[in-house]
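# Structure assessment
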Amino acid sequence: MRLLLVKNLSVTIGNQKIVEDLYFELNSGNRLSIIGPNGAGKTVLLKALLGLFPYSGEIVWSPNVRLGYVPQKIDADRHLPLTFRDLFVSKCRTVRVAVSEIDPIGRSVGLTREMLETPVGHLSGGQFQRGQIGFALIGRPNVLLLDEPTSSLDEPGEEHIYELIYRLQDQYQLAVITVSHDLSFVSRYATQVLCLNRHTLCIGAPQKALTPNVLEKLYGPSYAYYHHNHDQSAGGDSR
């Protein structure tokens, strides 16, 4: 079932056109990864999909879509007394769901009760990111948008978060849109890749989209020789 249709989408900020004439679709169960160099408009596109930036063209969400969003970065003050339990309770009340959902969601993202009750500024980077994902899951979204969800983590932390996202998609029956720079993650987990550099350079399955020609246009000659194993199933190591 189609959840999203984007047609002729352009976003201009000030006098600068950030993305221009994009077209793509998102269907149930899709894992769409958006890749491209810095300044390509990836975050701007995500925020336009969320209605946070004005745009021209069409963004048509299915009427039954419920969105969850994980932003790229939030700096947490170590002196801030708020905990993720506080934040989860507040969102439960806002979207009118039972607070009894908090502990199951916490467990699903790998947060113990102790972590939920620890001030957010005292959590590790990985724990904080798990909390953000849990916060996005409150309200039972069926589409999850993530903006570089591992940008502040080391390599082992990145791998854990990517595996978590993949598992949550099955657990909660989610379609997922992820902005990522990690081509290994994209080749293993994505069902579709949008290669973006203000314009759409390509869109398709990773094994068809991540060609040397496209990668050179996106990132320069050093990326043109990136290889991934087309025969590996999702979750296998292709690096």
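Summary of the structure given here. (Residues numbered from 1 in each chain as written. Predicted model: local features only at pLDDT ≥ 70, side-chain atom pairs only at ≥ 80, totals over all residues. Heavy atoms only, no water.)

Evaluated as defined, the whole model comprises 6 aromatic pairs. Ring geometry for Phe 88 versus Phe 135: centroids 6.4 Å apart, planes at 40°, classification tilted. Taken together, the positions of Phe 88 in helix H2 (residues 84-95) and Phe 135 in helix H5 (residues 125-137) put the pair 47 residues apart, joining distant regions of the chain. Both rings, one in Phe 185 and one in Tyr 189, keep their centres 5.2 Å apart while their planes meet at 45°; by these two values the pair is tilted. Of this pair, Phe 185 and Tyr 189 are both found in helix H7 (residues 183-189), 4 residues apart, which corresponds to roughly one turn of the helix. (Phe/Tyr/Trp six-rings, centres within 6.5 Å; stacked < 30°, edge-to-face > 60°. Helix = DSSP H or I, 4+ residues; strand = E, 2+ residues; numbered from the N terminus.)

We now examine the sheet that holds strand E2 (residues 16-27). Overall, antiparallel pairing links the 3 strands, which are arranged E2-E1-E4 in an open sheet. Edge positions in the sheet fall to E2 and strand E4 (56-61), since each has one partner strand and no second. When the angles between neighbouring strand axes are averaged without regard to direction, this sheet yields 15°. With 5 bridges joining them, strand E1 (residues 2-13) and E4 adopt antiparallel strand pairing. Residue pairing in the sheet places Leu 5 in a bridge with Val 60 of E4. Contacts between helix H1 (residues 42-49) and the sheet are confined to E1, E2 and E4, with E1 contributing the most and set at about 120° to the helix. (Pairing = 2+ DSSP bridges. Axes fitted to C-alpha atoms, helices over the stretch in contact; angles between N-to-C directions. Contact = heavy atoms within 4.5 Å.)

Geometry only, nothing functional implied.
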